[in-house]
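# Notes for the structure review
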Amino acid sequence: MDKKEQRLNYIIEHLKKNNAASIRELSELCNVTMMTIRRDLEILKERNIIKFFHGGAVYNPDYKENPEQHIDYLIQKQKMLHKEEKLAIAKSAAALISENETIMLDSGTTIFYLSKEIPNEFSLTTICWSLNIIEVLTKKQKCNMIASGGIYHHETQMFESLQGLDLVKNTRASKAFISAGGVHKDLGVTCPFPYEAETKRAAIKSSMTNILLVDSSKFNKVCTGHLGDITDFDIVITDHNISDEYREFLLEKGVSLIIAEDPK
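This report concerns the structure included in the present document. (Residues numbered from 1 in each chain as written. Predicted model: local features only at pLDDT ≥ 70, side-chain atom pairs only at ≥ 80, totals over all residues. Heavy atoms only, no water.)

### What about the packing of aromatic side chains?
Our working definition: Pairing of aromatic rings covers Phe, Tyr and Trp, the last counted by its six-membered ring, and requires centre-to-centre distances within 6.5 Å; plane angles under 30 degrees mean stacked, over 60 mean edge-to-face, and any other angle means tilted. When accessible area is computed with a 1.4 Å probe and restricted to protein chains, residues below 20% of their type maximum are described as buried, those above 50% as exposed, and intermediate ones as partly exposed.
With the rule as written, the count across this model stands at five aromatic pairs. On the numbers, 5.6 Å between centres and 55° between planes, the contact of phenylalanine 112 with tyrosine 113 is tilted. A relative accessible area of 7% places tyrosine 113 in the buried class. Each ring, one from tyrosine 152 and one from phenylalanine 159, has its centre 5.3 Å from the other, and the planes form 45°; the classification is tilted. Under the relative-accessibility criterion, phenylalanine 159 is labelled buried at 18%. An aromatic cluster is built from Phe219, Tyr246 and Phe249, whose rings are joined through pairwise contacts.

The following block contains the structure:
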């Protein structure tokens, strides 16, 4: 969950507890500008969670909270963010897959798009742990799929368990396609939810070639869960908007860079 969604949730909980709050009060509590709070409240008003009053907001007592609906909103939002770039990255990644090899597919929207790009006629073995990707692969008749189960996390559609982690650790693949929420020069490669990190690290250690799929908005960004360093990856696939600074950084670190074709 990004900072904005965390802030929105904080505002909701604060209003639930206190019934009402002024824009100035919320601005000071969240340590953001009053303009930012106004934009946040507009979003919550559109979701019918709050009602405005002069200079502030109150929690809408008629709002029927539906966690599943909120999670679906987050998933759909992620799918729409930088969609064209993610689709282009997925196509470039699919071009690296050879028939009859074994690959690991991480969770994430870009990996989801990659799973759809895999040719239906390919004979392939896949190891995966994300529901939306499993659903795509079940439709590919020549795909020999190994899937791990466990606790299901709605926000990522990922399954997590000790048994699933052992499965990834004890299986070998020629390539692992990994997603991330942030790539930073000093703080490494990170993901939004710490529970994702251990499975990603296990996949990296179990694969001959590790390929990071990240759109350019992820560079110079840091998330909560540290999954590794950029040197843990052999190849990075991103879009044409990557900065010169990070192009040079990857070159210095000896990581191959593939720029996906400009979707425009």
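### Some remarks on the pattern of salt bridges
Threshold: Basic side-chain nitrogens of Lys or Arg form a salt bridge, by our definition, when they fall within 4 Å of a carboxyl oxygen of Asp or Glu. Runs of H or I in DSSP of at least four residues are treated as helices and runs of E of at least two as strands, each being numbered from the N terminus.
A full pass over the atoms with the stated rule returns seven salt bridges. The closest approach of N and O atoms between glutamate 13 and lysine 16, which form a salt bridge, is 3.6 Å. Of this pair, glutamate 13 and lysine 16 both sit in helix α1 (residues 3-18), three residues apart, which is roughly one turn of that helix. Overall, glutamate 13 belongs to the partly exposed group, its relative accessible area being 44%. In this structure lysine 16 comes out as partly exposed when scored by relative accessible area, which is 33%. Arginine 247 is the partner of aspartate 244 in a salt bridge, and the nearest nitrogen-oxygen pair spans 4.0 Å. In this pair, aspartate 244 and arginine 247 both sit in helix α10 (residues 244-252), three residues apart, roughly one turn of the helix.

Read these as spatial facts, not as claims about activity.
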